[in-house]
Amino acid sequence: MMMHVVWARFTLPCPGAGELMLNCIDTDGQGTGFEHALLSLVKRHVTIPVIASSGAGTPAHFVECFKETDCEAALAAGIFHRREVGIDAVKQAVGDAGLVVRAA
């Protein structure tokens, strides 16, 4: 894991990089939540926004991610495509937790 953080630290920001989408292959598609340790570590070492990717399975996973990692955004795909979780449910959970969420 540290090797990836070293890469991010010395490669970013590079010309044109406005944000970093961080995908953790170990949690991708698992539905067990985002990889908080990796996200937090990278977030502490880069100056651009970090988008968490891979692992979301419930609306609570998004809330946990924002509260525990300081990431600016988080994404999911499979849970929405399979209609396991609705986007509105995620926005509701994030808003109910007192976090800022985009209305549209």
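Structure's up top.
Because the structure is predicted, anything quoted here is derived from the model rather than measured.

Conventions used here
- Residues numbered from 1 in each chain as written.
- Predicted model: local features only at pLDDT ≥ 70, side-chain atom pairs only at ≥ 80, totals over all residues.
- Heavy atoms only, no water.
- Helix = DSSP H or I, 4+ residues; strand = E, 2+ residues; numbered from the N terminus.
- Contact = heavy atoms within 4.5 Å.
- Core = buried A, V, L, I, M, F, W, Y, C linked by side-chain atoms within 4.5 Å.
- Buried < 20%, exposed > 50% of the residue type's maximum accessible area, 1.4 Å probe, protein only.
- Pairing = 2+ DSSP bridges.
- Axes fitted to C-alpha atoms, helices over the stretch in contact; angles between N-to-C directions.
- Salt bridge = Lys/Arg side-chain N within 4 Å of Asp/Glu carboxyl O.

### Focus on the environment of L75
Step number 1: Within the fold, L75 resides in strand β3 (residues 73–75).
Step number 2: Along the backbone, L75 and S53 are 22 residues apart, and their C-alpha atoms lie at a distance of 5.3 Å.
Step number 3: Setting aside chain neighbours within four positions, we find L75 in contact with M21, F34, I51, A52, S53, S54 and F62.

### Brief notes about the nonpolar core
Step number 1: Counting 21 residues, the largest nonpolar core has F34, L39, V42, V50, A52 and F62 as the members making the most contacts within it.
Step number 2: The contacts of F62, once residues within four sequence positions are left out, are F34, A56, A74, L75, A76, I79, F80, V90 and V94.

### With respect to the sheet that holds strand β2 (residues 50–53)
Step number 1: The sheet built from three strands is open, its strands ordered β1-β2-β3 with parallel pairing. Of all the strands in the sheet, the pair left with one neighbour each is β1 (20–23) and β3. Strand after strand, the sheet turns through a mean of 25 degrees between neighbouring axes, direction not considered.
Step number 2: Here β1 runs beside β2; their pairing, made up of four bridges, is parallel. Its bridge partner lying in β2, N23 is registered against S53.

### Section: unusual backbone geometry
Step number 1: Residues other than glycine seldom take positive phi values, yet S54 does so here, at roughly 90 degrees.
Step number 2: Mapped onto the elements, S54 comes out in the loop between β2 and α3 (59–69).
Step number 3: A residue is classified by how much of its surface remains accessible, and S54, at 4% relative accessible area, is buried.
Step number 4: At R83, a position not held by glycine, the phi torsion is positive, near 60 degrees.
Step number 5: Within the element layout of this structure, R83 appears in the loop between α4 (78–81) and α5 (87–96).

### Describing the pattern of salt bridges
Step number 1: The final tally for this structure, using the stated rule, is two salt bridges.
Step number 2: Of the charged contacts in the structure, one is a salt bridge between E72 and K43, with a shortest N-O distance of 2.5 Å. Taken together, the positions of E72 in the loop between α3 and β3 and K43 in helix α2 (residues 36–45) put the pair 29 residues apart, joining distant regions of the chain.
Step number 3: Overall, K43 belongs to the buried group, its relative accessible area being 15%.
Step number 4: For E84, the salt bridge identified is with R82, shortest N-O distance 2.7 Å.

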